[in-house]
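Descriptive structure summary
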Amino acid sequence: MTAPRIEVDLGKIQHNTRCLVERLKARGIIVTGVTKAACGHPDIANAMLAGGAAGLADARITNVERMRKAGITCHISLIRTPMLSQIERICASSETSYNTEMEVIAELAAEAMRTSSVHNVILMVEVGDMREGIMPEDLADAASQVVKMPGVALKGIGANFTCLSGGAPNPEAMAMLTSLANDIEGSYGPVLETVSGGSSASLPWALGLGTMGRVNNLRLGEAILLGVDPVSGASIGGLHTDAFTLVAEVIETKIKPQKLVLQSVNPARSDLRLVHDDHWKTRSLLAVGFQDTDAAGLKFPLGVTFVGATSDHIVVESRNSPLRVGSELRFQLNYNALMRVMNAPGVVKISSHDRSLRNEIADSQCHTRPALM
Ligand SMILES: *Cc1c(COP(=O)(O)O)cnc(C)c1O
């Protein structure tokens, strides 16, 4: 089979989605499946929907358009603040966008009016991540302006945690979202359908002991795709962490000496010379590199250690048996490595429902494990 390739087990993605949807349903929260790390891959998007995601979201309009072209008709939100240069495309392919700039919302409204449609707006509030968001004290004013604007409908508010700052969501910030939602409804009228409490990083909070308040939506990418909590890196109980496998081919294996080392014969006189280390190691080259993935985000198989990477190669050392030229190595990936792979034209994407693997974690575990980790 061709390499490098990424093998995607759609059954595992569906299972992970289903588990999270059911656990969160008990807390009054619905799940929006975030497809950006999968580059809007339609099979992966459909697996999220089959697992019970209430809708999809992506940060890039190109990914949204890819899903639309593949025939996906569900509600898709754009979760990155829209670019002014893409307003037409955004109105044409996503029903909702997350916004922070009044100038942008005005353009969305104008475009929606031109096409006799209504574009839904969710206002993002700054809660401490210091990436996107309207300052909480300015939110009411922004909401009142959106409510008055024909062409757009104010559907909710949302917040983002962790992405830039790495800080985990806290109950105080969540409580603030609830009171902001109540204030806006009280002052300006529209029922806020959605109060979106963040991403996978919000799962420990959402599945913890606290109250959810008005928060009724989470936007989940990493937890669904990789089964891990992005803040701690811990795997989430009952979820698959190996839905994705990167496969790379060995193109060279040779026994090579350890690097020449600089040795001091007499430190007092700084008398230095180059000597050979006696160790010889088996080194192999894999035909995959920085152009395809983030090599630091790969989990190497037992007995294989990472030496380095360049644009088109990964160099490894193997302790036990040498890696035969033409053989393949399989890797699990972290979020950054996965994102790069899914965006790399040089990596073939192969998705399948592997039933034997799917049965590894029984679906019943979704119901019997209420705790996150
Ligand atoms: C990427 C992103 C998400 C999803 O984050 P995960 O950690 O993958 O769950 C949610 N919301 C916004 C605004 C994002 O950019």
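Residues numbered from 1 in each chain as written. Predicted model: local features only at pLDDT ≥ 70, side-chain atom pairs only at ≥ 80, totals over all residues. Heavy atoms only, no water.

Taken from UniProt, the Cofactor (unreviewed entry) comment for the protein chain reads in full: "pyridoxal 5'-phosphate". (UniProt positions renumbered as here; feature names shortened; annotations may be inferred.)

**Remarks on the overall build of the protein chain**
What the protein chain contains, in helices and strands, is twelve helices and 18 strands. A total of 373 residues make up the protein chain; the buried ones form 50% of that total. Taking all contacts inside the protein chain whose residues are at least 6 apart in sequence as the whole, residues at least 24 apart take part in 66%. Within the structure as shown, the protein chain displays about 17,100 Å² of accessible surface, and the carbon and sulfur contribution to it stands at 53%. (Helix = DSSP H or I, 4+ residues; strand = E, 2+ residues; numbered from the N terminus. Buried < 20%, exposed > 50% of the residue type's maximum accessible area, 1.4 Å probe, protein only. Contact = heavy atoms within 4.5 Å. Areas by Shrake-Rupley, 256 points an atom, 1.4 Å probe, with all protein chains shown as cover.)

**Topic: the side chain of S200**
With respect to the helices, strands and loops of the structure, S200 is situated in the loop between β8 (194-196) and α8 (203-206). Separated by 3.5 Å, the side chain of S200 and the backbone nitrogen of E222 make a polar contact. Here the side chain of S200 touches A223 through a polar contact of 3.0 Å, landing on its backbone nitrogen. Excluding its chain neighbours within four sequence positions, the residues that come into contact with S200 are R219, L220, G221, E222, A223, D229 and P230. (Polar contact = N/O pair within 3.5 Å; in protein donor to acceptor, adjacent residues only side chain to side chain.)

**Examining the site of the ligand**
By nearness alone, 13 residues border the ligand, and K36, S200, R219, G221 and E222 come closest of all. The separation between an oxygen atom of the ligand and a polar side-chain atom of K36 is 2.7 Å. In the environment of the ligand, an oxygen atom lies 2.9 Å from a nitrogen or oxygen atom belonging to the backbone of G221. For the ligand, the protein covers 94% of the area, taking 390 Å² as the surface of the free molecule. (Near = heavy atom within 4 Å.)

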